[in-house]
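Per-entry structural report
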Amino acid sequence: EDQVTQSPEALRLQEGESSSLNCSYTVSGLRGLFWYRQDPGKGPEFLFTLYSAGEEKEKERLKATLTKKESFLHITAPKPEDSATYLCAVGSGGSNYKLTFGKGTLLTVNP
Amino acid sequence: GAVVSQHPSWVICKSGTSVKIECRSLDFQATTMFWYRQFPKQSLMLMATSNEGSKATYEQGVEKDKFLINHASLTLSTLTVTSAHPEDSSFYICSARELSSGYEQYFGPGTRLTVT
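None of the values given here were measured: they were computed from a predicted structure.

1. Looking at the sheet that holds strand β3 (residues 19-26) of chain A
Residue and element names in this part refer to chain A. Taken together, five strands build an open sheet; the order of strands is β1-β3-β8-β7-β6 and the sheet is antiparallel. The open sheet has two free edges, formed respectively by β1 (3-7) and β6 (56-59), since each of these has just one partner strand. Shown here is a sheet whose adjacent strand axes are inclined to one another by a mean of 15 degrees, direction ignored. The pairing of β3 with strand β8 (residues 70-75) spans six bridges and is antiparallel. What sits directly across from Ser20, in β8, is His74.

Structure representation (structure tokens):
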């Protein structure tokens, strides 16, 4: 059974204070490691897909990296508008492809 | 691009009635659509996967006779909650995947269902 564990559960930062979120996983046949952002009462917003160890992707203040066992979402000089829950998910399966989500990290950035 | 809509965004119904939720891919053809539910402060739990023109595949523990899923076209899937009960109150979210675009799933804004 695929498993995804995210840490910390909650993170409070001051504006401009860089940090990282962790996503560790076990999966049989990885078909993508996904990061999403979810605001309260809304559906997840797609951020990144990583497919192989060593891969990195960036978008504005966010950078996602991937190893064989975990992924990190680095947030550089965050702003209050970066406050949200960040979800990590792994994809697996062929014809029965599906995503397994972690519980998320609630990020709060104070001005 | 990759926009998914859901309707309604929220609904209140009485116990014993049925509710239909629509999920549409607005700018791409969704070969596969997924339905999730999310309880407060919990992560997304996959309920079922549907491919256009085929019967949905339900996750273990999800009652297929209670949660009816139809994926009649490449842009529309519906979830009908039959004989709803208060314990069915939750946040229902759909996602869509375009087969030719990799494994990314794009999510709708969600539907808040409250059963009284």
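2. With respect to the interface of chain B and chain A
The accessible area lost on association of the parts is a frequent measure of interface size. Listed as interface residues are 19 residues of chain B and, on the opposing side, 18 residues of chain A. A buried area of about 1,500 Å², summed over both sides, lies between chain B and chain A, and 57% of it is on carbon and sulfur atoms. Where A:Lys98 meets B:Glu59, a salt bridge forms, and the shortest distance between an N and an O atom there is 2.9 Å. Applying the counting rule to chain B against chain A returns nine residue pairs in polar contact (both at pLDDT 80 or more). Looking at the side of chain B that touches chain A, the elements with two or more residues in it are β4 (32-38), β5 (45-51), β9 (90-97) and β10 (106-107) of chain B. For the side of chain B that touches chain A, the class distribution of residues is 10 nonpolar, six polar and three charged.

3. Quick notes on the pairing of β8(A)
Sheet faces and side chains relate simply in a regular strand, where the side chains alternate between the two faces. The two faces of β8(A) differ: A:Ser71, A:Leu73 and A:Ile75 on one face are buried, but A:Glu70, A:Phe72 and A:His74 on the other face are not. Hairpin connection of strand β7 (residues 62-66) of chain A to β8(A): three residues between the antiparallel strands.

4. As for unusual backbone geometry
Glycine aside, residues mostly have negative phi angles, and peptide bonds mostly take the trans form. In this chain, A:Ser7 is followed by A:Pro8 through a cis amide linkage whose omega measures -10 degrees. Mapped onto the secondary structure, A:Pro8 falls in the loop between β1 and β2 (10-14). Between B:His7 and B:Pro8 the backbone carries a cis peptide bond, its omega angle lying at 0 degrees. Inspection of the secondary structure puts B:Pro8 in the loop between β1 (4-7) and β2 (10-13). Positive phi is not limited to glycine here, since B:Ser83 has a value of about 45 degrees. Considering the arrangement of structural elements, one finds B:Ser83 in the loop between β8 (76-81) and β9. The class for B:Ser83 is partly exposed, based on a relative accessible area of 35%.

5. Brief notes about the pattern of salt bridges
Any two side chains of opposite charge can pair if their charged atoms end up close together. All chains considered together, the criterion is met by seven salt bridges over all chains. With its nearest N and O atoms 3.9 Å apart, the salt bridge here joins A:Lys57 to A:Glu55. A relative accessible area of 21% means that A:Glu55 is categorised as partly exposed. Between B:Arg24 and B:Glu22 there is a salt bridge, with its nearest N and O atoms 3.5 Å apart. Take B:Arg24: its relative accessible area is 34%, and that puts it in the partly exposed class.

6. Side note on the state of the cysteines
This model, assessed by the stated rule, comprises two disulfides over all chains. What pairs with A:Cys23 in a disulfide is A:Cys88, and their sulfur atoms sit 1.9 Å apart. Here the disulfide of A:Cys23 and A:Cys88 is left-handed, its torsion about the S-S bond being about -65 degrees. Here the residue A:Cys23 occupies a position in strand β3, and A:Cys88 occupies one in strand β9 (residues 84-92), the gap between them amounting to 65 residues. With respect to class, A:Cys23 is no different from A:Cys88; both count as buried. Note on cysteine connectivity: B:Cys23 is disulfide-linked to B:Cys94, with sulfurs 2.0 Å apart. Disulfide B:Cys23-B:Cys94: torsion about the S-S bond near 80 degrees, hence right-handed. Within this pair, whereas B:Cys23 is found in strand β3 (residues 19-25), its partner B:Cys94 is found in strand β9, the two being separated by 71 residues in sequence. Judged by relative accessible area, B:Cys94 falls into the buried class, the value being 0%. Cysteine B:Cys13 remains unbridged, with the sulfur of B:Cys94 as its closest cysteine sulfur at 18 Å.

Thresholds, definitions, all that
- Residues numbered from 1 in each chain as written.
- Chains lettered and ligands numbered in written order.
- Predicted model: local features only at pLDDT ≥ 70, side-chain atom pairs only at ≥ 80, totals over all residues.
- Heavy atoms only, no water.
- Pairing = 2+ DSSP bridges.
- Helix = DSSP H or I, 4+ residues; strand = E, 2+ residues; numbered from the N terminus.
- Axes fitted to C-alpha atoms, helices over the stretch in contact; angles between N-to-C directions.
- Contact = heavy atoms within 4.5 Å.
- Buried area = accessible area lost by both parts, 1.4 Å probe.
- Salt bridge = Lys/Arg side-chain N within 4 Å of Asp/Glu carboxyl O.
- Polar contact = N/O pair within 3.5 Å; in protein donor to acceptor, adjacent residues only side chain to side chain.
- Nonpolar A, V, L, I, M, F, W, Y, C, P; charged D, E, K, R; others polar.
- Buried < 20%, exposed > 50% of the residue type's maximum accessible area, 1.4 Å probe, protein only.
- Disulfide = S-S within 2.5 Å.

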